[in-house]
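Letter by letter, the chains look like this.
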Amino acid sequence: PLHDEEGQHDKRRVLFQFEVDREKAERLACRIQAVVRRLAARARARTMIREQFEKVFDRENGAYYYVNSKTGACQWTKPVLLGDEDLEIPRDEWRRIECTPSRPGGPTAYYHNPGTGQTSWMSEEQAARMLQRRVRERQAADITGPK
């Protein structure tokens, strides 16, 4: 009978150790799940920031600033949620920006290039036509002489 009690005692100790190991494994699994969820949440936040913010060049300061496309707010500092990453440098392209005329009959849009920071009241097409006209005028002057 004594031997049986010792055997039962060993079984209880083994069973108790098994339960301790299982609880430890469950705690570790919960920690791993929390880390994975946190990393996934950060990745989603960075994606949202990338979709919501745009990097724009300021010619006057020679530096980029960040524009929140939903609110229109501007800031010089990179959004914190980007961490070590940054937004891509904007493409060299002209965009039409609608605006309220400053005077009656004034322009209702201007053009902005976020990659270079340039602005213009003329569209690319209007600028190209103006350049073509000036080149033709100069060519005509070369042929016929100055006016």
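Going by the structure above, here's the rest.
Attention in this report is confined to the structure presented alongside it.

## Describing the sheet that holds strand β4 (residues 95–98)
Taken in spatial order, the 3 strands of this open sheet run β4-β5-β6, and their pairing is antiparallel. Two strands bound the open sheet, and with one partner strand each, they are β4 and β6 (118–120). Strand-to-strand twist across the sheet, computed as the mean angle between neighbouring axes with direction ignored, equals 30 degrees. Taken together, the 4 bridges between β4 and strand β5 (residues 109–113) define a ladder with antiparallel strand orientation. When the bridges of β5 are listed, I97 appears paired with Y110.

## Things to note about the packing of aromatic side chains
Summed over all chains, the structure comprises 3 aromatic pairs. An angle of 65 degrees between the planes, with centres 5.6 Å apart, marks the rings of Y65 and W76 as edge-to-face. With Y65 in strand β2 (residues 63–68) and W76 in the loop between β3 (74–75) and β4, this pair connects stretches of sequence that are 11 residues apart. The class of W76 is partly exposed, set by a relative accessible area of 47%. Residues Y110 and W121 carry aromatic rings whose centres are separated by 6.0 Å and whose planes lie at 70 degrees to one another, so their mutual orientation is edge-to-face.

Conventions and cut-offs
- Residues numbered from 1 in each chain as written.
- Predicted model: local features only at pLDDT ≥ 70, side-chain atom pairs only at ≥ 80, totals over all residues.
- Heavy atoms only, no water.
- Pairing = 2+ DSSP bridges.
- Helix = DSSP H or I, 4+ residues; strand = E, 2+ residues; numbered from the N terminus.
- Axes fitted to C-alpha atoms, helices over the stretch in contact; angles between N-to-C directions.
- Phe/Tyr/Trp six-rings, centres within 6.5 Å; stacked < 30°, edge-to-face > 60°.
- Buried < 20%, exposed > 50% of the residue type's maximum accessible area, 1.4 Å probe, protein only.

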